[in-house]
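# Coordinate analysis (summary)
Letter by letter, the chains look like this.
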Amino acid sequence: MEHKQTINFGAGPAKLPPSVLLQAQNELLNYSGTGISVLEMSHRSSDFNKIINKTESLLRELLNIPDNYKVLFLQGGGSGQFSSVPLNLIGLKEDRCADYLVTGTWSAKAAKEAEKYGKVNVVHPKLDSYTKIPDPSSWTLNPSASYVYYCSNETVHGVEYNFTPETNGVVLVSDMSSNFLSRPVDVSKFGLIFAGAQKNVGCAGVTVVIVREDLLGHALKECPIVLDYKVQAEMNSLYNTPPCFSIYIMSLVLEWIKNNGGSAAMEMLNKQKSSMIYDIINASNGFYVCPVDTACRSRMNVPFRVGKKEGNEALEKEFLDGASKRGMISLKGHRSVGGIRASLYNAVTLEDTKALLLPLLVIYVLT
Ligand code: PLP
């Protein structure tokens, strides 16, 4: 069956490479000559063992993950990690305290969840609006914190770090759910990285956790066993039934990333795609408004208003209708902020992005 031509700019679950969907379709009823689907396969079988090991080795290769890090495939989504991170790491030091950089909805949620398990220090003053990353010279990091936490790309607000925070030796934790494998990253600078798969590396159901080995074994006693990184690491993420099909889809996406040049090539494309949209915004004399500071504008999620700073709802509807007529979907901004948001994850092509320029230009020229 031909793949339909709809262009999906959704923030997640998001577009998958068509070749991945086709391969999954071809293998759906009979995976690699086994006579069964991955959907039906025992997670204890040697065939599934090969799938999960291949997914891990592709990740290790693509991110150059050092040997002293474990790679886990867990359930519970990014939100599950908002609890797992403090449950496993806040007890690293006696004070049970953690530093949180709050730069958007997702880091704010993570900080709130962590408060259940210890003391949370918000590193910089509360922001009036999530449109910038305060200068690191204004942060007050606590040297006795168990870890420093940040979200490297705030999906709702389109705020992305273009640097890795310096923590003076304190363990660094990052939520990379919405920019994972969209650019190279030096894993050795982190104690832990996590990412839900459903934006850049697959479909919903599986969350990757990359954790340094010396951080295992410090979970609070009330940590549920399925959330305990040490238990999952010792069992190769098979303490209980893992999300087998989602892990399989991730292996196909990782192979696709590898065949398309890896994280450096993804970065180049993501720079090009996002610049196309930001260039139009910048050249529009205030007709299109992106509220985010230029230094931290996301390459993954481009939020903007149409017509004026607070948005002209009639024009925004006109834009969405124009895009929809041309087969483009999921461009509406998050319900908490309104406006428009174009998500440009790895599987969104240059051609997809060029197609979006047309409705942008049409309404600008006609208004
Ligand atoms: N972190 C980030 C940056 C996200 O964008 C999201 C969801 O969009 C989450 C965490 C929560 O992920 P989940 O819905 O898988 O719990």
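Residues numbered from 1 in each chain as written. Predicted model: local features only at pLDDT ≥ 70, side-chain atom pairs only at ≥ 80, totals over all residues. Heavy atoms only, no water.

Taken together, 13 residues are adjacent to the ligand, and Ser79, Thr155, Asp175, Gln198 and Lys199 come closest. Glycine 78 places a polar main-chain atom, nitrogen or oxygen, 3.1 Å from an oxygen atom of the ligand. Between the ligand and tryptophan 106, the relevant distance is 3.3 Å, taken from an oxygen atom to a side-chain nitrogen or oxygen of the residue. Contact with the protein chains covers 83% of the free accessible surface of the ligand, which is 390 Å². Ranked by the residues each element gives to the shell around the ligand, the list is headed by helix H3 (residues 77-89), at four residues. Residue composition of the shell around the ligand, by class: three nonpolar, eight polar and two charged. (Near = heavy atom within 4 Å. Polar contact = N/O pair within 3.5 Å; in protein donor to acceptor, adjacent residues only side chain to side chain. Areas by Shrake-Rupley, 256 points an atom, 1.4 Å probe, with all protein chains shown as cover. Helix = DSSP H or I, 4+ residues; strand = E, 2+ residues; numbered from the N terminus. Nonpolar A, V, L, I, M, F, W, Y, C, P; charged D, E, K, R; others polar.)

For the rest of this paragraph, the subject is the UniProt feature "domain: Aminotransferase class V" (unreviewed entry) in the chain. As recorded in UniProt, the sites labelled "domain: Aminotransferase class V" (unreviewed entry) are residues 8-356. The span residues 8-356 carries 33% helix and 15% strand; its end-to-end C-alpha distance comes to 11 Å. (UniProt positions renumbered as here; feature names shortened; annotations may be inferred.)

By domain assignment, the chain separates into domain 1 (20-260) and domain 2 (261-366). Residue-level contacts link 26 residues of domain 1 with 26 residues of domain 2. For the pair domain 1 and domain 2, the summed buried surface comes to about 2,100 Å²; carbon and sulfur atoms form 54% of the total. Ranking the residues of domain 1 by area buried against domain 2 places Thr131, Val156 and Glu160 at the top, with a combined share of 22%. If you look at where domain 1 meets domain 2, you find zero salt bridges. Linking domain 1 with domain 2 are 15 residue pairs in polar contact (both at pLDDT 80 or more), by the criterion used here. Taken together, the elements giving at least two residues each to the side of domain 1 that touches domain 2 come down to strand S7 (159-160) and helix H6 (244-259). Take the side of domain 1 that touches domain 2: its biggest share by element is four residues, from H6. Of the residues in the side of domain 1 that touches domain 2, the class split is nine nonpolar, 12 polar and five charged. (Domains from an automatic or database assignment. Contact = heavy atoms within 4.5 Å. Buried area = accessible area lost by both parts, 1.4 Å probe. Salt bridge = Lys/Arg side-chain N within 4 Å of Asp/Glu carboxyl O.)

Let us now look at the sheet that holds strand S9 (residues 192-196). Read across the sheet, seven strands follow the order S2-S10-S9-S8-S5-S3-S4 without closing on themselves; strand pairing throughout is mixed. Looking along the sheet, the strands with just one partner apiece sit at the ends: strand S2 (69-74) and strand S4 (119-122). This sheet shows a mean twist of 20° between the axes of neighbouring strands, independent of strand direction. Judged from the two bridges that link them, strand S3 (residues 97-100) and strand S5 (residues 147-151) form a sheet pairing that is parallel. Bridge pairing links tyrosine 100 to tyrosine 149 in S5. Relative to S5, helix H4 (residues 105-114) is tilted by about 145°, and along the sheet it contacts S3, S4, S5 and strand S8 (171-175). (Pairing = 2+ DSSP bridges. Axes fitted to C-alpha atoms, helices over the stretch in contact; angles between N-to-C directions.)

A word on the confidence of the model for the chain. Confidence in the prediction of the chain, expressed as mean pLDDT, is 97, and 99% of residues score 70 or more. For this predicted complex, the interface confidence reaches an ipTM of 0.99, while the overall pTM sits at 0.98. (pLDDT = per-residue confidence, 0-100.)

To continue, consider helix H9 (residues 350-366). For an α-helix, the turn length of 3.6 residues means that residues three or four places apart are oriented alike. Taking 1.5 Å as the rise per residue, H9 with 17 residues should run 24 Å; its terminal C-alpha atoms sit 25 Å apart, in good agreement. Of the residues making up H9, those classed as buried are Leu350, Asp352, Thr353, Leu356, Leu357, Pro359, Leu360 and Ile363. (Expected span 1.5 Å × (residues − 1). Buried < 20%, exposed > 50% of the residue type's maximum accessible area, 1.4 Å probe, protein only.)

Here we have three strands laid out as an open sheet, ordered S11-S12-S14, and antiparallel in their pairing. Edge positions in the open sheet fall to strand S11 (288-289) and strand S14 (340-343), since each of these has one partner strand only. Summarising the sheet, strand S12 (residues 301-306) and S14 pair through four bridges and their orientation is antiparallel. In the strand pairing of S14, phenylalanine 304 is matched with isoleucine 340. Along the sheet face, helix H7 (residues 262-283) touches S11 and S12 and points at about 25° away from the line of S12.

For the rest of this paragraph, the subject is empty space enclosed by the protein. Where empty space is left becomes clear once a probe the size of a water molecule has been rolled over the atoms. Taken as a whole and assessed by the stated rule, the structure comprises one cavity of 30 Å³ or more. Every residue along the wall of the largest cavity is listed here: Lys15, Leu16, Pro17, Lys199, Asn200, Val201, Gly202, Val253, Trp256, Asn346 and Ala347. Across the lining of the largest cavity, the residue classes break down as six nonpolar, three polar and two charged. (1 Å grid on protein atoms, 1.4 Å probe; cavity = no way out; pocket = protein on both sides within 12 Å on 5 of 7 lines; lining within 4 Å. Points joined across faces, edges and corners; volume = space filled by probe spheres on them.)

Another point: the state of the cysteines. In the structure shown here, the tally under the stated rule is zero disulfides. Free of any disulfide, cysteine 203 has its nearest cysteine sulfur in cysteine 244, 12 Å distant. In this model cysteine 296 remains outside any disulfide bridge; the closest cysteine sulfur is found in cysteine 290, 9.0 Å from its own. (Disulfide = S-S within 2.5 Å.)

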